[in-house]
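Residue-level structure breakdown
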Amino acid sequence: MAINLQKGQRESISAPQFTVGLGWDTNSSSTGSSFDLDTSIFVLGENKRLLSDAHFVFYNNLKTPDGAVEHTGDNLTGDGDGDDEQIKVDLSKIAATAAEICIVVTIHDAENRRQNFGQIRNSYIRIFDGTKTEILKYELEEDFSIETAVEFGRIYKRNNEWKFEAVGAGMKDGLEFFLNKYN
């Protein structure tokens, strides 16, 4: 049975291979433009910096050089049930210098489209193993009425054990903010 996390809660991940699923729905009272939410992954070292440019995984760079983190592709609309985007993680392949995997979702062209996370509902991040058994789930319950980016969660290594932290931190910035933060 999956563990439902609260913001700030941490939980160990015992599966060496798993998938991170992210999902969301748009409110019916949208801005007229379709919503394109983008998941980005930053594989960081102990210094909280990207291991290399190739360790920034997103719709134009779907896999880390070691194959440990793979984005399965960009969903341009968020339509349908279930996960909108997924990231496959294989901790047995990850670089020894990796200490954290930060998972961020941004709204593409949010400023021009006048969109924010307040117009998004049913947002979640979940982790499930190879048998599709859900290990944990974090549902974003805050109303981010001006935020255009959310750090959903992070997977980090502490004492050679990998854990997940439900972050749920929204900000009124785009992907460039995170690139500057982690570069």
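From a predicted model like this one, the values you see are computed outputs, not experimental measurements. (Residues numbered from 1 in each chain as written. Predicted model: local features only at pLDDT ≥ 70, side-chain atom pairs only at ≥ 80, totals over all residues. Heavy atoms only, no water.)

Turning to the sheet that holds strand β7 (residues 85-90), a few remarks are in order. Pairing between the strands of a sheet is mediated by backbone hydrogen bonds and can be parallel or antiparallel. If you trace the 6 strands from one edge of the open sheet to the other, you get β1-β10-β9-β3-β7-β6, paired in mixed fashion. Strand pairing shows two members of the sheet lacking a second neighbour, β1 (3-5) and β6 (69-71), which therefore form its edges. Across the sheet, the mean angle separating the axes of adjacent strands is 15° when strand polarity is ignored. Bridge count for strand β3 (residues 17-26) against strand β9 (residues 120-128) is 7 bridges, and the pairing is antiparallel. Residue Gly23 lies in a different strand from β9, and its bridge partner there is Tyr124. (Pairing = 2+ DSSP bridges. Helix = DSSP H or I, 4+ residues; strand = E, 2+ residues; numbered from the N terminus. Axes fitted to C-alpha atoms, helices over the stretch in contact; angles between N-to-C directions.)

Another point: unusual backbone geometry. The phi angle at Lys48 is positive, at roughly 65°, despite the residue not being glycine. Residue Lys48 is classed as partly exposed on the basis of its relative accessible area, which comes to 41%. Backbone geometry at Asn122 places phi at a positive 55°, although glycine is not the residue there. Within the element layout of this structure, Asn122 appears in strand β9. For Asn122, a relative accessible area of 46% puts it in the partly exposed group. (Buried < 20%, exposed > 50% of the residue type's maximum accessible area, 1.4 Å probe, protein only.)

Okay, the pairing of strand β11 (residues 149-158) next. Remember that side chains alternate between the two faces of the sheet whenever the strand is regular. Summarising burial for β11: 8 of the 10 residues are buried, a large majority. One ladder, built from 7 bridges, connects strand β8 (residues 100-107) with β11; its direction is antiparallel. Bridging from a neighbouring strand, Val105 pairs with Val150 of β11. Where β11 lies against strand β12 (residues 161-171), 9 bridges are found, and the strand directions are antiparallel. Bridged to Glu151 within β12 is Ala169. Linking two consecutive strands that pair antiparallel, namely β11 and β12, is a turn of 2 residues; a positive phi of about 55° is found at Asn159 within it.

Taken as a whole and judged by the stated rule, the model has 9 salt bridges. Glu165 is the partner of Arg10 in a salt bridge, and the nearest nitrogen-oxygen pair spans 3.3 Å. Of this pair, Arg10 sits in strand β2 (residues 10-12) while Glu165 sits in strand β12, and the two are 155 residues apart along the sequence. Taking relative accessible area as the criterion, Arg10 reaches 46% and is therefore assigned partly exposed. Judged by its relative accessible area of 12%, Glu165 is buried. Arg126 is the salt-bridge partner of Glu134, the closest N and O atoms lying 3.1 Å from each other. We classify Arg126 as buried; its relative accessible area is 17%. Each of Arg10, Lys48, Glu100, Arg154 and Glu165 takes part in a single network of salt bridges with overlapping partners. (Salt bridge = Lys/Arg side-chain N within 4 Å of Asp/Glu carboxyl O.)

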